Protein chains: 4
Amino acid sequence: MSHNTFGHLFRVTTWGESHGIALGCVVDGCPPGISFTEAEIQAYLDKRKPGQSKYTTQRREPDQVKVFSGVMLQDDGVTMISTGTPISMMIENTDQRSKDYGDIARQYRPGHADYTYDVKYGIRDYRGGGRSSARETAARVAAGAIARKVVPGLVVRGALVAMGIHSIDRARWDWAEVDNNPFFTPDAGSVETFAAYLDGIRKAGSSIGAVIEVVAENVPAGLGAPVYAKLDQDIASYLMSINAVKGVEIGDGFESARLSGEENADEMRMGNDGKPIFLSNHAGGILGGISSGAPVVARFAVKPTSSILTPRRSIDADGQQVDVMTKGRHDPCVGIRAVPIGEAMVACAIADHYLRHRGQTGRI
Amino acid sequence: MSHNTFGHLFRVTTWGESHGIALGCVVDGCPPGISFTEAEIQAYLDKRKPGQSKYTTQRREPDQVKVFSGVMLQDDGVTMISTGTPISMMIENTDQRSKDYGDIARQYRPGHADYTYDVKYGIRDYRGGGRSSARETAARVAAGAIARKVVPGLVVRGALVAMGIHSIDRARWDWAEVDNNPFFTPDAGSVETFAAYLDGIRKAGSSIGAVIEVVAENVPAGLGAPVYAKLDQDIASYLMSINAVKGVEIGDGFESARLSGEENADEMRMGNDGKPIFLSNHAGGILGGISSGAPVVARFAVKPTSSILTPRRSIDADGQQVDVMTKGRHDPCVGIRAVPIGEAMVACAIADHYLRHRGQTGRI
Amino acid sequence: MSHNTFGHLFRVTTWGESHGIALGCVVDGCPPGISFTEAEIQAYLDKRKPGQSKYTTQRREPDQVKVFSGVMLQDDGVTMISTGTPISMMIENTDQRSKDYGDIARQYRPGHADYTYDVKYGIRDYRGGGRSSARETAARVAAGAIARKVVPGLVVRGALVAMGIHSIDRARWDWAEVDNNPFFTPDAGSVETFAAYLDGIRKAGSSIGAVIEVVAENVPAGLGAPVYAKLDQDIASYLMSINAVKGVEIGDGFESARLSGEENADEMRMGNDGKPIFLSNHAGGILGGISSGAPVVARFAVKPTSSILTPRRSIDADGQQVDVMTKGRHDPCVGIRAVPIGEAMVACAIADHYLRHRGQTGRI
Amino acid sequence: MSHNTFGHLFRVTTWGESHGIALGCVVDGCPPGISFTEAEIQAYLDKRKPGQSKYTTQRREPDQVKVFSGVMLQDDGVTMISTGTPISMMIENTDQRSKDYGDIARQYRPGHADYTYDVKYGIRDYRGGGRSSARETAARVAAGAIARKVVPGLVVRGALVAMGIHSIDRARWDWAEVDNNPFFTPDAGSVETFAAYLDGIRKAGSSIGAVIEVVAENVPAGLGAPVYAKLDQDIASYLMSINAVKGVEIGDGFESARLSGEENADEMRMGNDGKPIFLSNHAGGILGGISSGAPVVARFAVKPTSSILTPRRSIDADGQQVDVMTKGRHDPCVGIRAVPIGEAMVACAIADHYLRHRGQTGRI
């Protein structure tokens, strides 16, 4: 894995900064014969797009994706069939508000990558966070839209399950609810609570963290490997690569540290289709690094953005002590828009392992 | 990353099963001129070794490491200097108790990789878990011993911070205590609690999970990258690749989802040495995927082993319903021995990023 | 190395087909602080560009490169400084002559990738060769322009040394002559011969092969490795990846098979600068896979294009026997335009090894 | 590809020096269910083994291979079935004649990697060439023995086709002859010539180069890719990674630079089995980087070893001018023993591409 590529056989390379001309990705290794439309990709991008509600940044970006290569356009003018060669996709940056970056260019915002970036490279595109901007994740979402098509029947869905001190009631989980509210919560009963809570945070110029859960269904058993190509390992890696993510769990995750062996082990019975039925899913669909056929369940924690109106103590590139306040357009809870991103990353991990498993074993 | 290799410039490939002749690793990309002894490597292996107390499996393995290549033995007969070529290390399996695996060979133990392994490969070395055995981690610990030497001044230490329902009191954290007790807890006050708790579990033929924390100090600022070579991403990947790990956190981890932007962002002041001082370390030493110079802090959750005496419902390779009970020698809390393994994996991740950063930027 | 990426630390991913909207590349791993202009890149692209003389295809492509990311544009409006993040470059296809591909779409041209492509993917972009088109090499040339800047002082130059049955007189080698003629020959005395020869071939609707030599000067000693990261190995791989290349040599190449050990070994004396002087360069600047400081010399053979006017026997996608004649615009000697491509690939290989060597050893 | 690993899905990592305890390899990614015996591997190693005739070095090494992992030994006690996990193999060094390396340790032998090695690493295992020794290739031959089994029906055979100024008569090519003579020539009529020629060279303490040809039959059509995973590219890379190789050709190779398009393009007719018949094989079985189903043909040039009795001018590690003469046991024509090595590398390249093709396309 290089610095801007992920995946082994289904490989995604992304490029672009927040305030450059454009950003994009190259999806390499996509099997030939996969059918999709730009509109299908766009639907996922629209979920991630800023400015959809008052709870996300007011930056206005159409995030219109264009497919440049790797497909044969069919006679209907919209259907594309992958040819097995690299699929290059681009999204133009349009709302790069011109402004004076004077101070920001040299100040290190606490909690941001400004200082570490400067130490690493000695040069930094300070406009909108440059490469560290969450805008980069649009490219992942585009790649994920294709990844979903690689594994037959695969369904990958995400939801916000906690925001700050409030969590959803899992007993009320309803996937259909997720797209009905601006928080991607699956619990209709939580919408009002989240709305009031986030309104307060937004008005205070503050921000808050969140927890996202992604569930992948119809993942064939057998994906992954016992050691360094564990499916959960790569899902953890992919999710942790999303901006602001500080924790990742599979199945019961940290809760499993509190369980006994009797509680934790998922018992099995024989199903009518010749495949085992797991009587519980503490493992999150992965045993010994290999998918079991049960739904793959992952969760990740998103920290609050450090772009807040309250001045914070810091230093600048000259070593001077400064107080930093981040004006501008920001998400009070960046975790919300992380839902489609998390879905995309899990889909990419599964697609890659599907091809790797087929390559080594030929058993799919 | 392939199926049995991790790392990019500091690359480790491991091989071997629980009940084969031996297991080992090849450390490729080690810089030339690194000095070490087999005894230094052995010291880390001894920490991981089974049979050190009644709280770990009674399998007796000397886990004696031999270095086969990649070094020049100095005139003192013990000091080895790396030559920059692959360092091959081997550990023989000696205590492979011969027994009748009859049932186990075809039964799928709940919570184990038995079923997924069979689905994936269609053939499985059922003796002691084969490649899925935690014995494989001895090779990682050996590699980690060398990784620690790659980054000047690097100190990587781990500790058990929770076992089942009991957690340590962080106010009593004392690194010196870690090696004084069989649990690797840094809190002397927790030893008795853990001992009584685990005794009960052990006698009941049950098992329990744990949480381990690893702290790396003297990590130079600048390691990692903003996107898919995030230092935290690779640490998460490496830790999640350890057997039985179900969750990984960096810094405040999941707790950061509950914080506000004001609480979470680590403020900075200028230090006397020209480097910034972070007034807190919620970020766990990593900002935007790049090390900040603050201590790198990671935690991981280890599930309880599914090798327990209570019979559990399952199926066998013929699709028959069976009850499975796992006799034999097992750790009641596999998390304990995960401490030196977690240290090794964090050390390897940092060593790899140190070389990658030097390669791309020349700024070290 | 994946299917469309080359390099380890200096990584290039290319995308795009002959007749799509555009083609391009993403250069990942470029060190920060490298200064260049689009005009500098363009100069190399112009060397490769078709339609420069009657000896190359009459397709008219401006091959105008645009840099989309990974740089900070300086106040002069032209100088770009790399930031260490991915440099995305794009070249639009403009002269995609609309035509009826009817027959070509299903016929397998002998000597072309048509049949193998169809067997591999089951779907093929037949327009202009799709991904197999030599247009893809424009992206390599753009990447190579940046690679040249990565190694201080590096000079990489190429020349055509043979075309069909005619070879240059090496005694008349003059680098200054290379850009004075349409063949990139360094031997002014060969220009007339080549011109008359190729005129005849072109008028006959035929084609001919060529041999190209690339010389890299100021390559620091120490790049490469003794085994599977040999500098010559990667140069061979990179050159063989160019369309129509069927052979690669380092130094004396195949001629060295005819030499005795006494003739072949390059003797050394001590230079005034503390570095050795090699009294000959049979080795082509690489000993045991590692650069010696002497000029790196590589040669590659380019076969004649199979796009010729003489009908040849073949089959089509339905298994019918057909006679195929390739009309359209083609190079009578594709080897000519391979000169800047070969330079680019050698530059990329050296840049990658420069960073890898620095990464592992810190000795640069 | 790292410094000591080759392959993508069928990955081989080798380790070990000429005069260490042992050398070996780890074969990762081998499909499960492949059946083989140590004796089968040994047969290939015996072909490469030194001391088989007076024409190879008199070092006596049994080169006995041991398989340590990744297999289930069957009840017959000899058959091993791969489990899909890493196959670790080891070969002990037994004939490491103890001697005084005094001068050699600091002198740079012309044509050897001594100087470049020291420049690169600053430390060097001078005993027998260390990692640069051709002994490393034993590990490749072992890996190749398994690679041959990965692709059903694959046959990979090599032969020496030229030694110094003498070439074989291809009209007399007989594969059965290859194992009848100490030169691996397929031309019985050439044996006497080669014998007399090499006797003279050996007695003079000199050495000579050679050309080896490797032919792979039953390679399925569709392996490789149009751009940077060309099958010929990887074969070139793998062959160039063998010690002393200075040139690689596919099919007609450099000769194709002299051909016209009409001569070079292999015409096709439809075969009775529904697959095309190629009426010639100038392309060496690879079109546009993808196998066509015709035999894959590769050739490589091996330079003469620089270990000769005639003193040559050089320098030492202190910068002093010295005359170097290489005493000891050496091959007068290292090209001979390169035959089984070349076969192994071609087999590994094809096995890797077989798995990669199956992974991406599922079309095998």
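Note that the structure is a prediction, hence the values are computed from the model and not measured.

Note: strands within a sheet are paired through backbone hydrogen bonds, in either parallel or antiparallel orientation. Residue and element names in this part refer to chain D. If you walk across this open sheet you meet the 3 strands as β4-β7-β6, and the pairing is antiparallel. Strand pairing shows two members of the sheet lacking a second neighbour, β4 (35-37) and β6 (71-73), which therefore form its edges. Shown here is a sheet whose adjacent strand axes are inclined to one another by a mean of 35°, direction ignored. Sheet topology places β4 next to strand β7 (residues 79-82); 3 bridges connect them, and they run antiparallel. The partner of Phe36 across the bridge, within β7, is Met80. On top of the sheet, helix α1 (residues 38-48) reaches β4 and β7; it is set at about 65° to β4, its chief contact.

Here we take up the interface of chain A and chain C. The interface of chain A with chain C comprises 37 residues on the first partner and 37 residues on the second. Contact between chain A and chain C buries roughly 2,900 Å² in total, counting both sides, with carbon and sulfur atoms accounting for 66%. The interface formed by chain A and chain C holds 0 salt bridges in total. At the boundary of chain A and chain C, one finds 6 residue pairs in polar contact (both at pLDDT 80 or more). Of all elements in the fold, only β2 (11-16), β3 (22-28), β7 (79-82), β8 (87-92) and α2 (114-121) of chain A reach the threshold of two or more residues within the side of chain A that touches chain C. Ranked by the residues each element gives to the side of chain A that touches chain C, the list is headed by β2(A), at 5 residues. When grouped by side-chain class, the residues that make up the side of chain A that touches chain C number 15 nonpolar, 15 polar and 7 charged.

For chain A, per-residue confidence averages 94 on the pLDDT scale, and residues scoring 70 or more make up 97% of the total. This prediction of the complex comes with two scores: 0.97 for pTM and 0.96 for ipTM.

Those residues carrying the UniProt feature "binding site: FMN" (unreviewed entry) are A:Arg131, A:Ser132, A:Ser133, A:Asn243, A:Ala244, A:Gly288, A:Lys303, A:Pro304, A:Thr305, A:Ser306, A:Ser307 and A:Arg329 in this numbering. Structurally, A:Ser133 is set in the loop between α2 and α3 (137-150). Judged by its relative accessible area of 11%, A:Ser133 falls in the buried class. Sequence-distant contacts of A:Ser133, defined by excluding residues within four places in its chain, comprise A:Ser18, A:Gly128 and A:Asn243. Within the element layout of this structure, A:Pro304 appears in the loop between β17 (296-302) and β18 (312-315). Not counting the four nearest positions on each side in its chain, A:Pro304 is found in contact with A:Ser207, A:Ile208, A:Gly209, B:Ser256, B:Leu259, B:Ser260, B:Gly261 and B:Asn264.

The next subject is the state of the cysteines. Residues and elements named next belong to chain B. The full count for this structure, using the stated rule, is 0 disulfides over all chains. You can see Cys25 has no disulfide; the closest cysteine sulfur is in Cys348, sitting 8.6 Å from it. Owing to a relative accessible area of 0%, Cys25 belongs among the buried residues under this scheme.

Between side chains of opposite charge, a pair can form as their charged atoms come close. Overall, the coordinates contain 111 salt bridges over all chains when judged by the stated rule. The closest approach of N and O atoms between B:Glu92 and B:Lys66, which form a salt bridge, is 2.9 Å. Of this pair, B:Glu92 sits in strand β8 (residues 87-92) while B:Lys66 sits in strand β5 (residues 65-67), and the two are 26 residues apart along the sequence. We classify B:Glu92 as partly exposed; its relative accessible area is 35%. When salt bridges with common partners are traced through the structure, they connect A:Lys47, A:Arg148, A:Asp179 and A:Glu343 into a single cluster.

As a further point, take the UniProt feature "binding site: NADP(+)" (unreviewed entry) in chain A. All names here are of chain A. When the UniProt feature table is mapped onto this chain, "binding site: NADP(+)" (unreviewed entry) is found at Arg48 and Lys54. In this structure Arg48 touches Asp63, Ala134, Arg135, Thr137, Ala138, Val141, Arg337, Pro340 and Ile341, once residues within four positions along its chain are discounted. A distance of 2.9 Å separates the side chain of Arg48 from the side chain of Thr137, its partner in a polar contact. Overall, the relative accessible area of 44% leaves Lys54 in the partly exposed class.

The next subject is the sheet that holds strand β3 (residues 22-28) of chain C. Residue and element names in this part refer to chain C. Strand order in the open sheet formed by 5 strands is β1-β2-β3-β8-β5, with antiparallel pairing between adjacent strands. A strand with exactly one partner marks an edge of an open sheet, and here the two such strands are β1 (5-6) and β5 (65-67). One ladder, built from 3 bridges, connects β5 with strand β8 (residues 87-92); its direction is antiparallel. Looking at β8, one finds that Val67 is bridged to Met89. Helix-sheet contacts for helix α1 (residues 38-48) involve β5 and β8, and the interaxial angle to β5 is about 150°. Here helix α4 (residues 137-150) sits on the sheet in contact with β2 (11-16), β3, β5 and β8, set at roughly 30° to β3.

Residues and elements named next belong to chain D. Taken N-terminus to C-terminus, the directions of helix α5 (residues 231-240) and helix α7 (residues 338-361) make an angle of 145°; their axes are 9 Å apart at the nearest point. When you trace α5 past α7, the crossing you get is right-handed. Where α5 abuts α7, its residues Leu231, Asp234, Ile235, Tyr238 and Leu239 lie against Gly342, Met345, Val346, Cys348, Ala349, Ile350, Asp352, His353 and Arg356. Taken together, the residues of the contact of α5 with α7 sort by class into 9 nonpolar, 2 polar and 3 charged.

Below, the discussion takes up the relation of the copies chain C and chain D. Turning chain C through 180° and shifting it by 0.0 Å along the axis lays it on chain D, with an RMSD of 0.0 Å. A rotation of that kind, with that shift, is consistent with a two-fold axis. Among all residues of chain C, the minimum C-alpha distance to the rotation axis is found for C:Ser237, at 2.4 Å. With an isologous cut-off of 70% or more, the 100% of interface residues of chain C that recur at the interface of chain D puts this contact in the isologous class.

When chain A is fitted to chain C, the best match, at an RMSD of 0.0 Å, comes from turning it 180° and sliding it 0.0 Å along the axis. Residue by residue, 100% of the interface of chain A is reproduced at the interface of chain C, so both copies engage with the same surface.

A few words now on the packing of α1(C) against α4(C). All names here are of chain C. Across the interface, α1 lies against α4 with an axial gap of 9 Å and an inter-helix angle of 140°. Classified by the angle between their axes, α1 and α4 sit oblique to one another. For α1 against α4, the interelement crossing comes out right-handed. Residues Glu40, Ile41, Tyr44, Leu45 and Arg48 of α1 form the contact with α4, whose participating residues are Thr137, Ala138, Val141, Ala142, Ala145, Ile146, Arg148 and Lys149. Of the residues that constitute the contact of α1 with α4, the class distribution is 8 nonpolar, 1 polar and 4 charged.

Another aspect to go through is the interface of chain C and chain D. With 110 residues of chain C in contact, the opposing surface of chain D contributes 110 residues. For the pairing of chain C and chain D, the buried interface totals around 9,000 Å² over both sides, and the portion due to carbon and sulfur atoms is 57%. When residues of chain C are sorted by the area they lose upon contact with chain D, C:Lys120, C:Tyr228 and C:Lys246 head the list and together hold 10% of the total. Linking chain C with chain D are 4 salt bridges. Between C:Glu267 and D:Arg313 there is a salt bridge, with the nearest N and O atoms lying 3.0 Å from each other. Where chain C meets chain D, there are 55 residue pairs in polar contact (both at pLDDT 80 or more). Looking at which element gives the most residues to the side of chain C that touches chain D, the answer is helix α3 (residues 114-121) of chain C, with 7 residues.

Turning our attention to the pairing of strand β2 (residues 11-16) of chain B. Residues and elements named next belong to chain B. Within β2, 6 of the 6 residues are buried, which leaves it mostly tucked inside the rest of the structure. Residues Arg11, Thr13 and Trp15 line one face of β2 and the alternating positions Val12, Thr14 and Gly16 line the opposite face, and both faces are buried. Of the strand pairs in this sheet, strand β1 (residues 5-6) and β2 are connected by 2 bridges, and their pairing is antiparallel. For Thr5, the partnering residue across the bridge sits in β2 and is Thr13. Remark: 4 residues form the turn of the hairpin made by β1 and β2, two consecutive strands paired antiparallel; Gly7 in that turn has positive phi of roughly 100°.

What follows deals with helix α7 (residues 334-361) of chain B. Residue and element names in this part refer to chain B. The end-to-end C-alpha separation of α7 is 40 Å, in line with the 40 Å expected for 28 residues at 1.5 Å each. The axis of α7 is deflected most strongly, by about 35°, at Pro340. Of all 28 residues in α7, 27 are buried, a share of seventy percent or more. Just past α7, the residue Gly362 takes up positive phi, approximately 65°.

Below, the discussion takes up the pairing of strand β18 (residues 312-315) of chain D. Residues and elements named next belong to chain D. In terms of strand pairing, β18 meets strand β19 (residues 321-324) through 4 bridges, oriented antiparallel. Paired with Arg312 across the strands is Val324, a residue of β19. Following β18, the chain reverses through 5 residues before pairing antiparallel with β19; Gly319 in that reversal takes a positive phi of roughly 85°.

Before going further, it helps to examine the side chain of D:Gln42. Residue and element names in this part refer to chain D. Relative to the helices and strands, Gln42 is located in helix α1. In this structure Gln42 comes out as buried when scored by relative accessible area, which is 9%. Excluding its chain neighbours within four sequence positions, the residues that come into contact with Gln42 are Pro62, Asp63, Gln64 and Val65.

Calculation criteria
- Residues numbered from 1 in each chain as written.
- Chains lettered and ligands numbered in written order.
- Predicted model: local features only at pLDDT ≥ 70, side-chain atom pairs only at ≥ 80, totals over all residues.
- Heavy atoms only, no water.
- Pairing = 2+ DSSP bridges.
- Helix = DSSP H or I, 4+ residues; strand = E, 2+ residues; numbered from the N terminus.
- Axes fitted to C-alpha atoms, helices over the stretch in contact; angles between N-to-C directions.
- Contact = heavy atoms within 4.5 Å.
- Buried area = accessible area lost by both parts, 1.4 Å probe.
- Salt bridge = Lys/Arg side-chain N within 4 Å of Asp/Glu carboxyl O.
- Polar contact = N/O pair within 3.5 Å; in protein donor to acceptor, adjacent residues only side chain to side chain.
- Nonpolar A, V, L, I, M, F, W, Y, C, P; charged D, E, K, R; others polar.
- pLDDT = per-residue confidence, 0-100.
- UniProt positions renumbered as here; feature names shortened; annotations may be inferred.
- Buried < 20%, exposed > 50% of the residue type's maximum accessible area, 1.4 Å probe, protein only.
- Disulfide = S-S within 2.5 Å.
- Left-handed = near helix turned anticlockwise from the far one by under 90°.
- Least-squares fit on C-alpha atoms with pLDDT ≥ 70 in both.
- Parallel < 35°, antiparallel > 145°, perpendicular 65-115°, else oblique.
- Expected span 1.5 Å × (residues − 1).
- Bend = angle between axes of the 7 residues up to and from the residue.

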